[in-house]
Amino acid sequence: MTSGETVDFARLWALQDVDVRLDEVTARLEAVESGRAWAEASARRAEADARVERLEREIEEWEKRRRAAERERRAAEDEAARMRERLYGGAVRSAREIDSVERQIAAARERAGRLETEELEAMERLDELRARLGRAAEAAAAAARAEEEERSRALGEREALAAAAAELRARREELQAGLPAALLREYENARGAGRGRGLARTEGGVCRACGVELPRSTWQRVQRGALERCERCQRILAPGGA
Ligand SMILES: [Zn+2]
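What counts and how
Residues numbered from 1 in each chain as written. Predicted model: local features only at pLDDT ≥ 70, side-chain atom pairs only at ≥ 80, totals over all residues. Heavy atoms only, no water. Helix = DSSP H or I, 4+ residues; strand = E, 2+ residues; numbered from the N terminus. Rg over C-alpha atoms; globule rule 2.2 N^0.38 Å. Buried < 20%, exposed > 50% of the residue type's maximum accessible area, 1.4 Å probe, protein only. Areas by Shrake-Rupley, 256 points an atom, 1.4 Å probe, with all protein chains shown as cover. Donors = N, O, S within 2.8 Å, 3.2 Å for Na, K, Ca; no water. Tetrahedral: all angles 85-135°; square planar, octahedral: opposite > 155°, others 65-115°. Pairing = 2+ DSSP bridges. Patch = residues over 30% accessible without salt bridge, like charges linked within 9 Å, V, L, I, M, F, W, Y side chains within 5 Å. Salt bridge = Lys/Arg side-chain N within 4 Å of Asp/Glu carboxyl O. Lys, Arg positive; Asp, Glu negative; His and termini not counted. Charge placed at Lys NZ, Arg CZ, Asp CG, Glu CD. Domains from an automatic or database assignment. Contact = heavy atoms within 4.5 Å. Buried area = accessible area lost by both parts, 1.4 Å probe. Polar contact = N/O pair within 3.5 Å; in protein donor to acceptor, adjacent residues only side chain to side chain. Core = buried A, V, L, I, M, F, W, Y, C linked by side-chain atoms within 4.5 Å. Axes fitted to C-alpha atoms, helices over the stretch in contact; angles between N-to-C directions. Parallel < 35°, antiparallel > 145°, perpendicular 65-115°, else oblique. Left-handed = near helix turned anticlockwise from the far one by under 90°.

**Quick word on the overall build of the protein**
Now for step 1: Scanning the protein from terminus to terminus reveals 5 helices and 3 strands.
Now for step 2: Mapped from its N terminus to its C terminus, the protein presents α and β elements in the order α-α-α-α-β-β-α-β.
Now for step 3: Computed over the C-alpha atoms, the radius of gyration of the protein is 40 Å, more than 25% above the 18 Å expected from 2.2 N^0.38 for a compact globule of 242 residues.
Now for step 4: Taken along its principal axes, the extent of the C-alpha atoms in the protein is 130 × 40 × 20 Å.
Now for step 5: Counting the 242 residues in the protein, one finds 36% classified as buried.
Now for step 6: Split by element, the accessible area of the protein, about 15,100 Å² in all, is 46% carbon and sulfur.

**Focus on the coordination of the zinc ion**
Each donor-metal-donor angle would ideally measure 109.5 degrees in four-coordinate tetrahedral geometry, or 90 or 180 degrees in six-coordinate octahedral geometry.
Now for step 1: Summarising the metal site, the zinc ion is bound by the protein donors Cys207 (SG), Cys210 (SG), Cys230 (SG) and Cys233 (SG), whose distances to it range over 2.3 to 2.4 Å.
Now for step 2: For the zinc ion, the 4 donor atoms in the first shell make angles of 101 to 117° at the metal, so the coordination geometry reads as tetrahedral.
Now for step 3: All donors to the zinc ion come from one chain, and their sequence spacing reads C-x2-C-x19-C-x2-C.
Now for step 4: On the basis of relative accessibility, which here comes to 0%, the residue Cys207 falls in the buried class.

**Examining the pairing of strand 1 (residues 199–203)**
Now for step 1: Two elements, strand 1 and strand 3 (residues 236–238), share 3 bridges in a ladder whose sense is parallel. Bridge assignment links Arg201 to a residue of strand 3, and that residue is Ala238.
Now for step 2: Note that strand 1 and strand 2 (residues 206–207) share 2 bridges and pair antiparallel. Along strand 2, the bridge assignment pairs Thr202 with Cys207.
Now for step 3: Linking two consecutive strands that pair antiparallel, namely strand 1 and strand 2, is a turn of 2 residues; a positive phi of about 55° is found at Gly204 within it.

**Digging into a positive patch on the surface**
Now for step 1: Together, Arg51, Arg54, Arg57 and Arg135 give the surface a local cluster of positive charge.
Now for step 2: No other element matches the 3 residues that helix 2 (residues 39–88) contributes to the positive patch.
Now for step 3: In this fold, Arg51 is placed in helix 2.
Now for step 4: Given the relative accessible area of 36%, Arg51 is considered partly exposed.

**Brief notes about the domain arrangement of the protein**
Now for step 1: Entries for the protein in the domain assignment read domain 1 (9–18 + 180–238) and domain 2 (35–177).
Now for step 2: Opposite the 7 residues of domain 1 that make contact, domain 2 presents 6 residues.
Now for step 3: Summing both partners gives a buried area of about 650 Å² for domain 1 against domain 2, and 64% of it is carried by carbon and sulfur.
Now for step 4: In this assembly, domain 1 and domain 2 are joined by 1 salt bridge.
Now for step 5: Between Glu188 and Arg172 there is a salt bridge, with the nearest N and O atoms lying 2.7 Å from each other.
Now for step 6: At the boundary of domain 1 and domain 2, one finds 3 residue pairs in polar contact (both at pLDDT 80 or more).
Now for step 7: For the side of domain 1 that touches domain 2, the elements supplying multiple residues, two or more each, are helix 1 (9–34) and helix 4 (181–193).

**Here's the deal with the nonpolar core**
Now for step 1: Counting residues in hydrophobic clusters, the biggest one holds 27 residues, and the most contacted among them are Phe9, Leu12, Leu15, Leu183 and Ile236.
Now for step 2: Contributing elements (two or more residues each) for this core: helix 1, helix 3 (95–177), helix 4 and strand 3.
Now for step 3: For this core, the element with the most residues is helix 1, which contributes 10 residues.
Now for step 4: Inspection of this core shows a minimum of three residues originating in each of domain 1 (9–18 + 180–238) and domain 2 (35–177).
Now for step 5: Dropping the residues within four chain positions of it, Leu12 is found in contact with Val7, Leu179, Leu183, Tyr187, Leu199 and Ile236.
Now for step 6: Counting 12 residues, the second-largest nonpolar core is a separate cluster that includes Ala48, Val52, Trp62 and Ala136.

**Some remarks on the packing of helix 2 against helix 3**
Now for step 1: The contact between helix 2 and helix 3 brings their axes to 6 Å, and the two run at 165°. Considered as vectors, helix 2 and helix 3 are oriented roughly antiparallel to each other. Where helix 2 crosses over helix 3, the handedness of that crossing is left-handed.

Written as structure tokens, this is what we have:
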């Protein structure tokens with residue numbers, strides 16, 4: 001510790017500002033370069049595409065059902081027609097046989113009617129599914145556009161971010177050059193403990209970063225500009241505000 005010496009807090013605050021900005025810039029740059037910057041938009045697009053695919057499969061299935069019902073309905077109608085021909089063609093003679101054929105015609109017609117209802121239900125379902133597919137396809141196209149927009153916006157930031165990072169690193173070197181090595185070690189250590197911020201403001205004997213009340217002797221040394229760290233949050237305690 002640099003007890004006795006006073007800390008150049010103005011410079012230390014400037015260093016912290018640079019570090020916080022540098023962290024933001026490098027985090028954004030990393031997100032841009034890894035594609036995380038538009039990952040959410042990509043996930044939304046994939047979800048929208050999957051919805052379109054699900055609807056297309058559902059439509060295919062209902063279309064199969066509709067065609068099967070149509071085929072069977074036609075077969076039942078043909079059967080009824082054939083029987084009618086037999087009946088009126090004079091091939092059926094006995095009353096008992098006529099009765100039986102009439103019952104078969106009625107059964108075939110009944111079956112054809114049931115199948116026609118199934119067909120109509122399938123067609124209604126298909127209309128509804130196709131309307132939903134239309135909306136889902138529009139949503140998927142919009143999601144794809146949004147993804148592309150976010151991606152190109154992010155990639156467009158890349159150069160500016162890299163330049164800003166280089167500038168901040170240079171500024172950081174300058175500021176560090178004017179601070180004692182021991183203080184820089186304390187600051188880096190405090191920064192690690194303080195989630196990227198190594199400095200804490202103090203006010204009325206309280207650490208503003210974590211709210212702990214400082215021991216009177218610590219508070220007095222802080223006010224004299226000495227290097228002290230908060231026992232709770234581990235940050236360097238800066239006298240007054242910024
Ligand atoms: Zn604290």
